[in-house]
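# Per-entry structural report
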Amino acid sequence: MRLGVNIDHLATLRQARYAGMLDSPNCEPDVIVAAGVCERAGAEGITVHLRADRRHIQDRDVHRLRETVMTKLNLELGNTPEIVQLALKILPDDACLVPENRREVTTEGGLDASGQMKMLAPTVQRLQSAGVRVSLFIEPAPGQIEAAKKLGVEMVELHTGTFANARGDEREQELARLRGAANFAHDLGLIVNAGHGINLTNLAGILTVPHLAELNIGHSIVSRAVFIGLENAVREMVAAMGRDREGK
Ligand code: PXP
């Protein structure tokens, strides 16, 4: 199982001070350097979300990351003409279509793939024709997985946010939903990834979900980096993923 590190929150920190001043010699932290640190520490992918409101990652970041990321660049994007056009210029390795709402603090809920088939189909086709592998960030629900299969995407990313925030019985129910969804998607031939809200504490639950190829983790790694540094935070997560998978 691979770790993709979402570095949006490093850009959030930079924008808090240097929005509109990215050419300042004082501008920090450098997300390009950060991506390299993550890769050297064992990340096998770098994930960024270019939001329509550009609240964290900027166009320039994505262009530069395309040049420098040695593992795999995964671009998360909403299905809007402007951002899709940019994705077609940047040509990330993977593109993950996500729902986007300007008022949300972070991506809330999965993409309604089954309700938006008509709007998603041309975007999926355009990205795939350009050689980009496409993923859909969806709820762990059979209807959404069937829609992903019909749309012909290579991958799905199961939204783990509800599980991450659940307590007591609900936690087990959510895990069961994730396991069922992962089995179903795998049986349909889809690559199964997962992300949102994963941290060192809830990782053990996530690792009981079968067939996961990649976890995309951002906020908890960046938070941990405040205390132990980015390189150590990534190493720690990579080690925890391996250790828990082996059941040690
Ligand atoms: N995967 C997707 C599709 C996301 O939108 C996000 C949040 O940007 C993540 C993974 C990472 O979530 P977190 O920051 O909670 O680890």
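The structure contained in this document is the topic of the report that follows.

Rules used throughout
Residues numbered from 1 in each chain as written. Predicted model: local features only at pLDDT ≥ 70, side-chain atom pairs only at ≥ 80, totals over all residues. Heavy atoms only, no water. Helix = DSSP H or I, 4+ residues; strand = E, 2+ residues; numbered from the N terminus. Rg over C-alpha atoms; globule rule 2.2 N^0.38 Å. Buried < 20%, exposed > 50% of the residue type's maximum accessible area, 1.4 Å probe, protein only. Contact = heavy atoms within 4.5 Å. Lys, Arg positive; Asp, Glu negative; His and termini not counted. Charge placed at Lys NZ, Arg CZ, Asp CG, Glu CD. 1 Å grid on protein atoms, 1.4 Å probe; cavity = no way out; pocket = protein on both sides within 12 Å on 5 of 7 lines; lining within 4 Å. Points joined across faces, edges and corners; volume = space filled by probe spheres on them. Pairing = 2+ DSSP bridges. Right-handed = clockwise from strand over helix to strand, strands pointing away. Expected span 1.5 Å × (residues − 1). Arc of directions from axis to C-beta.

## Thoughts on the overall build of the chain
- Counting its regular elements, the chain contains 11 helices and eight strands.
- Expected size for 248 residues packed as a compact globule is a radius of gyration near 18 Å; at 17 Å, the chain falls within 12% of this value.
- On the principal axes, the C-alpha backbone points of the chain span a range of 50 × 45 × 30 Å.
- Relative to its 248 residues, the chain shows a buried fraction of 50%.
- Within the chain, contacts between residues at least 6 apart in sequence are counted, and of these 67% link residues at least 24 apart.
- Looking at the chain, you have 28 positive and 32 negative side-chain charges, and the mean spots of the two groups are 1 Å apart.

## Comments concerning empty space enclosed by the protein
- Tallying each qualifying case throughout the model produces one cavity of 30 Å³ or more.
- Here the largest cavity is characterised by a volume of approximately 40 Å³.
- Forming the walls of the largest cavity are K72, N74, D94, C96, S135, M155, E157, N193, E214 and N216.
- For the lining of the largest cavity, the secondary structure elements donating two or more residues are strand 4 (94–97), strand 6 (155–159) and strand 8 (212–217).

## Here we look at the environment of L136
- On the secondary structure map, L136 appears in strand 5 (residues 133–138).
- Sequence spacing of L136 and V5 is 131 residues, and the spatial spacing of their C-alpha atoms is 17 Å.
- Once residues within four sequence positions are removed from consideration, L136 is found in contact with C96, L97, L111, A113, A148, L151, V153, M155, V156 and E157.

## Remarks on the pairing of strand 6
- Judged by how many residues are buried, strand 6 sits mostly within the fold: five of five residues are covered.
- Residues M155, E157 and H159 of strand 6 are buried on one face, and the alternating residues V156 and L158, pointing to the opposite face, are buried as well.
- When strand 5 meets strand 6, the two strands line up parallel, connected through four bridges. For I138, the partnering residue across the bridge sits in strand 6 and is L158.
- For the crossover from strand 5 across helix 6 (residues 142–151) to strand 6, the handedness is right-handed.
- Relative to strand 7 (residues 191–195), strand 6 runs parallel, the two sharing five bridges. Within the sheet, the bridge partner assigned to L158 lies in strand 7 and is A194.

## Concerning helix 8 (residues 168–187)
- With 20 residues, helix 8 extends 29 Å between its outermost C-alpha atoms, agreeing within 8% with the 28 Å of an ideal straight helix rising 1.5 Å per residue.
- For helix 8, the full list of buried residues reads E174, L175, L178, A181, A182 and A185. In a view along the axis of helix 8, the buried residues occupy a sector of 130°, so they form one face of it. Residues of helix 8 that are exposed and point more than 90 degrees away from the buried face comprise D169, Q173 and D187.
- Against the buried residues of helix 8 lie helix 6, strand 6, helix 7 (161–165), strand 7 and helix 9 (203–206).
- Positioned one or two residues after helix 8, G189 has a phi angle of 90°, which is positive.

## Considerations on the environment of R55
- As for its position among the elements, R55 is in the loop between strand 2 (45–49) and helix 3 (59–68).
- R55 gets classed as partly exposed once you look at its relative accessible area, which sits at 26%.
- Along the backbone, R55 and Q15 are 40 residues apart, and their C-alpha atoms lie at a distance of 7.4 Å.

## Here's the deal with unusual backbone geometry
- In this structure, P29 follows E28 across a cis peptide bond, with omega equal to -5°.
- As for its position among the elements, P29 is in the loop between helix 1 (8–18) and helix 2 (31–40).
- Positive phi, close to 50°, is recorded for R54, a residue that is not glycine.
- You can see R54 is positioned in the loop between strand 2 and helix 3.
- Assessed through its relative accessible area of 16%, R54 is described here as buried.
- Not every positive phi belongs to a glycine, and H211 is a case in point at roughly 70°.
- Within the secondary structure, H211 sits in the loop between helix 9 and strand 8.

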